[in-house]
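# An overview of the molecular structure
Chain residues, written in single-letter form:
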Amino acid sequence: MRFDVITLFPAMFLAIKEEGVIARGITKSLLSINTWQLRDFSNNKHRNIDDKSYGGGAGMVMQVEPIRQCIAKIKQENPNSKVIYLSPQGQKLTQKLAAELSTLDSITLLCGRYEGVDERIIKHDVDMEVSIGDYVISGGELAAMVLIDSISRQVPGVLGNQDSLNDSFSDGLLDYPHYTRPEEIDGQKVPEVLLSGYQANIDTWRQDQALKNTQLKRQDLIQKIDQ
Ligand code: 4GO
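Calculation criteria
Residues numbered from 1 in each chain as written. Predicted model: local features only at pLDDT ≥ 70, side-chain atom pairs only at ≥ 80, totals over all residues. Heavy atoms only, no water. Helix = DSSP H or I, 4+ residues; strand = E, 2+ residues; numbered from the N terminus. Rg over C-alpha atoms; globule rule 2.2 N^0.38 Å. Buried < 20%, exposed > 50% of the residue type's maximum accessible area, 1.4 Å probe, protein only. Contact = heavy atoms within 4.5 Å. Areas by Shrake-Rupley, 256 points an atom, 1.4 Å probe, with all protein chains shown as cover. Lys, Arg positive; Asp, Glu negative; His and termini not counted. Charge placed at Lys NZ, Arg CZ, Asp CG, Glu CD. Near = heavy atom within 4 Å. Polar contact = N/O pair within 3.5 Å; in protein donor to acceptor, adjacent residues only side chain to side chain. Nonpolar A, V, L, I, M, F, W, Y, C, P; charged D, E, K, R; others polar. Domains from an automatic or database assignment. Pairing = 2+ DSSP bridges. Right-handed = clockwise from strand over helix to strand, strands pointing away. Patch = residues over 30% accessible without salt bridge, like charges linked within 9 Å, V, L, I, M, F, W, Y side chains within 5 Å. Salt bridge = Lys/Arg side-chain N within 4 Å of Asp/Glu carboxyl O. Axes fitted to C-alpha atoms, helices over the stretch in contact; angles between N-to-C directions. Core = buried A, V, L, I, M, F, W, Y, C linked by side-chain atoms within 4.5 Å.

## Points about the overall build of the chain
Of the regular secondary structure elements, the chain holds eight helices and nine strands. The C-alpha atoms of the chain give a radius of gyration of 22 Å, which is well past the 17 Å a tight globule of 227 residues would have. Its C-alpha atoms put the chain at 70 × 40 × 35 Å along the principal axes. Relative to its 227 residues, the chain shows a buried fraction of 40%. At a minimum sequence separation of 6, the contacts of the chain that also span at least 24 residues come to 75%. Carbon and sulfur atoms provide 49% of the accessible area of the chain, an area that totals close to 13,700 Å². Across the chain, the mean location of the 25 positive side-chain charges is 4 Å away from that of the 31 negative side-chain charges.

This is how it looks when you write it as structure tokens:
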């Protein structure tokens, strides 16, 4: 999977490029993250990429031309790249959507700042709007990183011996509880079944706990399964 990211703050992406699961995916050549500084596509010497909003009001709007030129440049190398704009108006990110997007070869992520991008970019250049939840953040970058992470961990080989199929939500339920050493701390014991060595019993216990966890914490997810 190749990610191309259009942003005013490329350095923000060092956080995921240099640490953790995504960094390992990059080392294994299963992933690449290429950032594009939108200001490099400005058409003036001040490197401006935004202007006042037609109709007035506070806040600047990101202009069409630099974004369109940047996308054209990215598409020279990846003609089929799917262009995603991160915004609260987008389709809500779920484990299922991340799984679907993980089958693509190339995704371009457009990160807005200020009041966002000129609507004509969304109409003409963007294939899909995605939202990471019903709240506003100051730029698309953090949302893009959430999307990159959730997609990348479902790209085959990225997680190694761990397995994204066991993630919460993959079967529509939350995860079961996890324990590690020591067996007892301050009187709190690890559930006996996990020490028993009977894998069938452990699997049954985990399924039961996942269901109970979901009933207790996320009743709405149970209703979704029943539908
Ligand atoms: C994405 C972007 C929220 C989301 C954003 C979200 N806020 N819920 N802010 O996924 C345009 C300028 C959008 C700031 C950006």
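## Here we look at the site of the ligand
Every one of the 18 residues lining the ligand counts as a neighbour, but S131, I132, G133, Y135 and I137 are closest to it. Here a nitrogen atom of the ligand sits 3.3 Å away from a polar atom, N or O, in the side chain of S131. The contact in question runs from a nitrogen atom of the ligand to an N or O atom on the backbone of G133, over 2.8 Å. When residues of the shell around the ligand are traced back to their parent elements, those giving at least two are β5 (82-92) and α6 (140-152). With four residues, β5 is the single largest residue contributor to the shell around the ligand. Partitioning the shell around the ligand into residue classes produces nine nonpolar, eight polar and one charged.

## Section: the domain arrangement of the chain
When the parts of a complex come together, some accessible area is lost, and that lost area is often used as the size of the interface. Along its sequence, the chain is organised into domain 1 (2-152) and domain 2 (168-226). For domain 1 versus domain 2, the separation of C-alpha centres amounts to 37 Å.

## Some remarks on the pairing of strand β6 (residues 106-110)
Here is the key point about a regular strand: its side chains alternate between the two faces of the sheet. Among the five residues that make up β6, five are buried, leaving the element largely enclosed by the rest of the structure. The two faces of β6 match: S106, T108 and L110 on one face and I107 and L109 on the other face are all buried. Of the strand pairs in this sheet, strand β1 (residues 2-7) and β6 are connected by five bridges, and their pairing is parallel. Its bridge partner being in β6, R2 is matched across the sheet by S106. As judged from the four bridges shared by β5 and β6, these two strands associate in the parallel manner. For I84, the partnering residue across the bridge sits in β6 and is L109. In this region the chain leaves β5, passes through helix α4 (residues 95-101) and returns to the parallel neighbour β6; the handedness of that crossover is right-handed.

## Quick word on a nonpolar patch on the surface
Taken together, the side chains of Y135, I137 and L142 define a hydrophobic patch exposed on the protein surface, amounting to about 280 Å² of accessible area. Examined against the element boundaries, Y135 turns out to sit in the loop between β7 (128-131) and α6.

## Here we look at the packing of helix α7 (residues 199-217) against helix α8 (residues 219-226)
How two helices pack is summed up by the angle between their axes together with the distance between the axes. Where α7 meets α8, the closest approach of the two axes is 5 Å, and the angle between their N-to-C directions is 115 degrees. Residue-level contacts link L211, T214, Q215 and K217 of α7 to Q219, L221 and I222 of α8. By residue class, the composition of the contact of α7 with α8 is three nonpolar, three polar and one charged.

## Some thoughts on the nonpolar core
Core analysis: the largest hydrophobic core is formed by 27 residues, its most contacted members being F3, L109, L147 and I148. Going through the elements one at a time, β1, β5, α4, β6, β7 and α6 are the ones with two or more residues in this core. Element by element, the count of residues in this core is highest for α6, at six residues. Formed by 19 residues, the second largest nonpolar core is a distinct cluster that contains L8, F41, I49 and V83.

## Observations regarding the sheet that holds β5
Each strand in a sheet pairs with another by means of backbone hydrogen bonds, the pair being arranged parallel or else antiparallel. With parallel pairing, the five strands of this open sheet are ordered in space as β2-β1-β6-β5-β7. Two strands lie at the open edges of the sheet, namely β2 (32-37) and β7, each paired on one side alone. Strand after strand, the sheet turns through a mean of 35 degrees between neighbouring axes, direction not considered.

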